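# Structural features, examined
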There are 2 protein chains.
Amino acid sequence: MKYVIGVDSGGTHIVGQALTDTGKVLFETQSGPGNILLDEPGTYRNLTTILTTIFENMPQADCQHVLIGIAGVETTGNATEVANYFTKKFEVKVDVISDAQLALLNGLEGEDGTLVIAGTGSVVYGRQNKKMMRYGGWGFLLGDTGSAYKITAEAMINALKAHDLNQANSLIEPLINWLNATNIKQAVQKYYQLNRKDVASLAAKIAELAEEGDQTAQRILIEQATALAGEVLGLIKQYQAPIPERIAFSGSVLVHNDFYRETLLQQINHVYPEIKGHVVSTNNGRGAIFWEEWQ
Amino acid sequence: MKYVIGVDSGGTHIVGQALTDTGKVLFETQSGPGNILLDEPGTYRNLTTILTTIFENMPQADCQHVLIGIAGVETTGNATEVANYFTKKFEVKVDVISDAQLALLNGLEGEDGTLVIAGTGSVVYGRQNKKMMRYGGWGFLLGDTGSAYKITAEAMINALKAHDLNQANSLIEPLINWLNATNIKQAVQKYYQLNRKDVASLAAKIAELAEEGDQTAQRILIEQATALAGEVLGLIKQYQAPIPERIAFSGSVLVHNDFYRETLLQQINHVYPEIKGHVVSTNNGRGAIFWEEWQ
């Protein structure tokens, strides 16, 4: 059976998939990190492991194309070089793009449109007439609007403000408990010891509280979804008419939190009623099956 | 000449001063860090150095009182123990309070009132009827409203938003230059490599731009001063009537930036016209001369 290979090479790990032309995953393998800006030899090594493993399990002659999306490759600027290296090494046509472009290709299924990612961090991408755009995504200190990290941070800030004002707040006790603290001051100390992923993981618990009817938690989700909608609208403003109607939602916050996603879409539809949302929960390696549509 | 000793024992260094009853500094010495929560033996050691040095230079018999304000002592809870240790060791009456209380004592000159500190970070303290209050001060991830750190961060966020919207922004070029970068993306990378103090140090440059008439810089300063005023008003709300009319301003942002400080005071006076501002630029060791007024 003919197949293509899609490889998502990111900062924490690499996922390689062999896929049919309808996106069915025939084989999948993972390896260590693959940010080429942070570790070029390591990325070459790990990508070699990925492709070698796939070709040990799938007939190499049936592979029609390999598409690799690599974190950091926009900055290093050596996509062509990497593609040539693997094309020669494995005797199969390899193309290399950035991991963001691969996410866009997968999220939009080869069409023009907008991709909103809100997981630990957040970023908004757009594509129109073969041109890629980006809004936000400046990291936890300068951006990450509407991300899981920001949801937790805003919950903490909200609880601390209530504490400072001697006001009741339904988030104070849960946050103290989640952070294994005995009081709010200790909760702050514990918060500063967490890494970004651990901070972000608390957002799911805040979403649970919101689902159970906690109005403070709901308000924080609405505020963050609204702020993220502002960034999406900022990107859409830069499209030429007619604007692409497709918007794809990716990342844990948008995939798992229906209330949050619907709030975000409502804010966008308020300005652009014709825009339609799609949830992306597949690995971005699947972007490989849409490669032809972008050529 | 009779004198008192005031010692400000903080996270980066300790300053010890011998002072006349009008606050004239007769002798001053510095030593290494003195946060007792982070390093108890080191703090004992460095405080011993401070007092030994002073008594090598000033007649010990003329010393009437020693007041030490120590960072972290609220959490460790051993102020009395530390005071007893040094009272016995140097045969002079020693009292120990927190560095925040010492700042309050110095800033308010022994009266009731509010102390706003905005340097690298920010915090608002209040004192009324022997009771101390606090608002904010939850650090750079959860607080530091109106601080130098926040002014720089907001300038970056503002510039990045304009960049994302393809809009002109007068802060983009200066920020790129100050961060020794060649473009905005690299400026963000450099920003993430800075420590908090280095980030905060850029606030003075933003203040210079504001003074030269840059409206974006002015707006950022106004926004941060307004946000900090919100915290001050949050603290004042908790006073009992009649509210203390004194407000003291401390920290580099409030001491050096007249425009910022006046904006802050205007916002407060808008609600409480009777409140009067004072700038505190003395070392907090001077708080020692007001100790009797708090007893």
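Bear in mind the structure is a predicted one, so any value in this text is a computation, not a measurement.

Each value, and the rule that gives it
- Residues numbered from 1 in each chain as written.
- Chains lettered and ligands numbered in written order.
- Predicted model: local features only at pLDDT ≥ 70, side-chain atom pairs only at ≥ 80, totals over all residues.
- Heavy atoms only, no water.
- Salt bridge = Lys/Arg side-chain N within 4 Å of Asp/Glu carboxyl O.
- Helix = DSSP H or I, 4+ residues; strand = E, 2+ residues; numbered from the N terminus.
- Buried < 20%, exposed > 50% of the residue type's maximum accessible area, 1.4 Å probe, protein only.
- Polar contact = N/O pair within 3.5 Å; in protein donor to acceptor, adjacent residues only side chain to side chain.
- Contact = heavy atoms within 4.5 Å.
- Buried area = accessible area lost by both parts, 1.4 Å probe.
- Nonpolar A, V, L, I, M, F, W, Y, C, P; charged D, E, K, R; others polar.
- Domains from an automatic or database assignment.
- Pairing = 2+ DSSP bridges.
- Axes fitted to C-alpha atoms, helices over the stretch in contact; angles between N-to-C directions.
- UniProt positions renumbered as here; feature names shortened; annotations may be inferred.
- Expected span 1.5 Å × (residues − 1).

### A few points about the pattern of salt bridges
All names here are of chain A. Counted by the stated rule, this structure contains 16 salt bridges over all chains. Residues R261 and D258 are paired through a salt bridge, measuring 3.1 Å at the closest nitrogen-oxygen approach. Pair noted here: R261 and D258 are both in helix α12 (residues 258-271), with a separation of three residues, about one helical turn. A relative accessible area of 41% places D258 in the partly exposed class.

### Side note on the side chain of A:D95
Residues and elements named next belong to chain A. Examined against the element boundaries, D95 turns out to sit in strand β5 (residues 94-98). Among the polar contacts listed, one links the side chain of D95 to the side chain of H65, at a separation of 2.7 Å. Contact partners of D95, with chain neighbours within four places excluded, come to H65, V66, L67, I68, A83 and W291.

### Looking at the interface of chain A and chain B
Taken together, the contacts link 27 residues of chain A with 26 residues of chain B. Regarding the contact of chain A and chain B, the summed buried area is about 2,600 Å², with carbon and sulfur atoms giving 60% of it. Looking only at chain A, the three residues that lose the most surface to chain B are A:W138, A:L142 and A:D164, adding up to 30% of its buried area. Scanning the region where chain A abuts chain B turns up zero salt bridges. Counting across the interface, chain A meets chain B through 18 residue pairs in polar contact (both at pLDDT 80 or more). Each residue belonging to the side of chain A that touches chain B can be placed in one class, and the counts come to 15 nonpolar, eight polar and four charged.

### Quick look at the domain arrangement of chain A
Under the domain assignment, chain A is made up of domain 1 (3-92) and domain 2 (148-279). In this structure, domain 1 of chain A and domain 2 of chain A have C-alpha centres spaced 33 Å apart.

### Overview of the pairing of strand β3 (residues 25-31) of chain A
Residues and elements named next belong to chain A. As paired elements, strand β2 (residues 14-19) and β3 share six bridges and run antiparallel to each other. Note on β3: the bridge partner recorded for A18 is F27. Counting the residues between successive antiparallel strands, the hairpin from β2 to β3 contains five residues, one of them, G23, with a positive phi of roughly 95°.

### Examining the sheet that holds strand β7 (residues 122-128) of chain B
All names here are of chain B. Pairing within the open sheet is mixed, and its five strands lie in the order β8-β7-β6-β9-β10. The open sheet is flanked by β8 (131-135) and β10 (276-279), the only strands paired with a single partner. Ignoring strand direction, the axes of neighbouring strands in this sheet form an average angle of 20°. Relative to β8, β7 runs antiparallel, the two being bridged by five bridges. If you follow R127 over to β8, its bridge partner there is M132.

### As for the pairing of strand β4 (residues 63-70) of chain B
Residue and element names in this part refer to chain B. In terms of burial, β4 is a largely internal element, seven of the eight residues being buried. Across seven bridges, the pairing between strand β1 (residues 3-9) and β4 is parallel. For G6, the partnering residue across the bridge sits in β4 and is L67. Bridging between β4 and strand β5 (residues 94-98) involves five bridges; their strand directions are parallel.

### Topic: the side chain of A:R286
All names here are of chain A. With respect to the secondary-structure elements, R286 resides in the segment after β10 (276-279). When its relative accessible area of 14% is taken as the criterion, R286 is described as buried. Of the polar contacts made by the side chain of R286, one reaches the side chain of T282; its length is 3.3 Å. When sequence neighbours within four positions are dropped, the list of residues in contact with R286 reads Q17, L19, N106 and E109.

### Things to note about the sheet that holds strand β6 (residues 113-118) of chain A
Residues and elements named next belong to chain A. Strand order in the open sheet formed by five strands is β8-β7-β6-β9-β10, with mixed pairing between adjacent strands. Two strands lie at the open edges of the sheet, namely β8 (131-135) and β10, each paired on one side alone. Neighbouring strand axes in the sheet, compared pairwise and without regard to direction, differ in orientation by 20° on average. Note that strand β9 (residues 246-250) and β10 share four bridges and pair parallel. Residue pairing for β10: F249 is matched across the bridge by V279. Strands in contact with α12 are β6, β9 and β10; relative to β9, the strand with the most contacts, it is inclined by about 155°.

### Brief notes about the UniProt feature "domain: ATPase BadF/BadG/BcrA/BcrD type" (unreviewed entry) in chain A
In the numbering adopted here, UniProt assigns the feature "domain: ATPase BadF/BadG/BcrA/BcrD type" (unreviewed entry) to residues 5-270 of chain A. Note that residues 5-270 of chain A is 50% helix and 20% strand, and that its end C-alpha atoms are spaced 39 Å apart.

### A few points about helix α1 (residues 40-57) of chain B
Residues and elements named next belong to chain B. Spanning 18 residues, α1 covers 26 Å between terminal C-alpha atoms, matching the ideal 26 Å at 1.5 Å per step. Of all the residues in α1, the buried ones are G42, T43, Y44, N46, L47, T48, I50, L51, I54 and F55. Elements that come into contact with the buried residues of α1 comprise β1, β2 (14-19), β3 (25-31), β4 and α3 (79-90). Measuring from the backbone nitrogen of G42 back to the side-chain oxygen at the start of α1 gives 3.0 Å, which picks out D39 as the cap.

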